[in-house]
Amino acid sequence: MTKVGTILLSNGRKLPLLGLGTWQASDEKQLDTALRTALDIGYRYIDTADLYQNEHIIGKVVEEYIKNGKFKREDIYITSKLPTHGHRNPEIFIERSLERLRMDYIDLYLIHAPMPYQNNPETNEPKEEKDGKRIVDLVPFNETWKVFEKYYDEGKLKAIGLSNFNEKQIQEVYDQAKIKPHNLQVECHILFPQKELFNFCKNREISFTAYAPIGSPGRTAVQKGKNLVDESPMKHSLVQKLAEKYRKSPAQILIRQMIQRGISTIPKSTNPERVKENLNVFDFELTKEEMNEFDSIGQNTRLFLFAMQAF
């Protein structure tokens, strides 16, 4: 079984370097199969969110594995995230995630995005105008963060952090926080390497997690028209060259490059063979010169566009 390294968080806890992303994985049968494949071969880090609508599937499978003695609760790492309509009453959604995951605590819990919307208290879904548009709710980040700190102090959240925040927004939370953010999760890959943001976080002892490390091929299912950025890290000539050299897939090269940068990464797949492939990145190492080649690409292309954010 593959052993995955870890990153030390500022509170002394450890974040695995590689995990399974589950965005767009809401089909119960597909995700169930992918999870079992992942857990059987050594994945011990699963990333989810309220938004993904799959916490209950993950909770069911993980609970079964724990009850069957395949591993202990402390051996599995779970990240989840507060939905954008949960900023005013995060307690509701933290408790909901705990219940769906069938767990007493969540290893890492993040504010999913700095875009607060109003919540419909009857359904706990986003409140919308008649035309279907969500209603903005300008809740200060600090108010939401205080609730995160409360749950952290109670031990129900073992680490807390942010997702899709820029430097200014991170600093706003950081300056007012009693418990400083432990992690930032953002889009990061060779075409959008986030070097400045990574260094900004490093200087504040905030660990870094990359989503879409291979370019999120499945994003085309939701990105249409002007929102679709027609770029693919896996097709880059350097990736293709190194894939041939090391007899690895382009995805494996991209994942390995991210790990060597000291960035935790969560490639998503529900294809059992791809799930296995994505973990098979610890039997080779890119050279210093090859890592420098990635650094010199010089591109800064975001694949996920957030119109509401001031990036």
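Residues numbered from 1 in each chain as written. Predicted model: local features only at pLDDT ≥ 70, side-chain atom pairs only at ≥ 80, totals over all residues. Heavy atoms only, no water.

### A few points about the pattern of salt bridges
Line of reasoning, step 1. According to the stated counting rule, one finds 19 salt bridges in the structure shown.
Line of reasoning, step 2. Residue aspartate 32 is joined to arginine 36 by a salt bridge in which the shortest nitrogen-to-oxygen separation is 2.7 Å. Of the two residues, aspartate 32 and arginine 36 both sit in helix H1 (residues 28-41), 4 residues apart, roughly one turn of that helix.
Line of reasoning, step 3. For aspartate 32, a relative accessible area of 21% translates into the label partly exposed.
Line of reasoning, step 4. The class of arginine 36 is partly exposed, set by a relative accessible area of 23%.
Line of reasoning, step 5. Across the pair aspartate 50 and arginine 100 runs a salt bridge, and its minimum N-O distance is 3.5 Å. In this pair, aspartate 50 sits in the loop between strand E4 (45-47) and helix H2 (55-67) while arginine 100 sits in helix H3 (residues 90-101), placing the two residues 50 residues apart along the sequence. (Salt bridge = Lys/Arg side-chain N within 4 Å of Asp/Glu carboxyl O. Helix = DSSP H or I, 4+ residues; strand = E, 2+ residues; numbered from the N terminus. Buried < 20%, exposed > 50% of the residue type's maximum accessible area, 1.4 Å probe, protein only.)

### With respect to the UniProt feature "binding site: substrate" (unreviewed entry) in the chain
Line of reasoning, step 1. Look at the UniProt record and you will see "binding site: substrate" (unreviewed entry) annotated at His112.
Line of reasoning, step 2. Turning to its location among the elements, histidine 112 is positioned in the loop between strand E6 (108-111) and strand E7 (119-120).
Line of reasoning, step 3. In contact with histidine 112, not counting residues within four places along its chain, are Ala49, Leu51, Tyr52, Lys81, Leu82, Ser163 and Asn164. (UniProt positions renumbered as here; feature names shortened; annotations may be inferred. Contact = heavy atoms within 4.5 Å.)

### Some points on the nonpolar core
Line of reasoning, step 1. Formed by 76 residues in total, the largest nonpolar core has its most connected members in Ile170, Leu184 and Phe208.
Line of reasoning, step 2. No other element matches the 6 residues that helix H8 (residues 250-260) contributes to this core.
Line of reasoning, step 3. In this structure leucine 184 touches Leu162, Ser163, Asn164, Phe165, Ile170, Leu197, Cys201, Ile206, Ser207, Phe208 and Thr209, once residues within four positions along its chain are discounted.
Line of reasoning, step 4. In terms of nonpolar packing, the next biggest core, distinct from the first, is built from 12 residues, Tyr77, Ala159, Ala212 and Ile266 among them. (Core = buried A, V, L, I, M, F, W, Y, C linked by side-chain atoms within 4.5 Å.)

### Some remarks on the layout of surface pockets
Line of reasoning, step 1. Size it by volume and the second largest pocket reaches roughly 430 Å³.
Line of reasoning, step 2. Every residue lining the second largest pocket is counted, 18 residues in all, and those nearest its centre are Thr6, Pro16, Arg44, Glu74 and Asp75.
Line of reasoning, step 3. Across the lining of the second largest pocket, the residue classes break down as 8 nonpolar, 3 polar and 7 charged. (1 Å grid on protein atoms, 1.4 Å probe; cavity = no way out; pocket = protein on both sides within 12 Å on 5 of 7 lines; lining within 4 Å. Points joined across faces, edges and corners; volume = space filled by probe spheres on them. Nonpolar A, V, L, I, M, F, W, Y, C, P; charged D, E, K, R; others polar.)

### With respect to empty space enclosed by the protein
Line of reasoning, step 1. A complete count under the given rule lists 1 cavity of 30 Å³ or more for this structure.
Line of reasoning, step 2. The space that makes up the largest cavity amounts to roughly 40 Å³.
Line of reasoning, step 3. Along its surface, the largest cavity is lined by Ile190, Pro193, Lys195, Gln257, Arg261, Phe294 and Asp295.
Line of reasoning, step 4. Here the residues of the lining of the largest cavity sort into 3 nonpolar, 1 polar and 3 charged.

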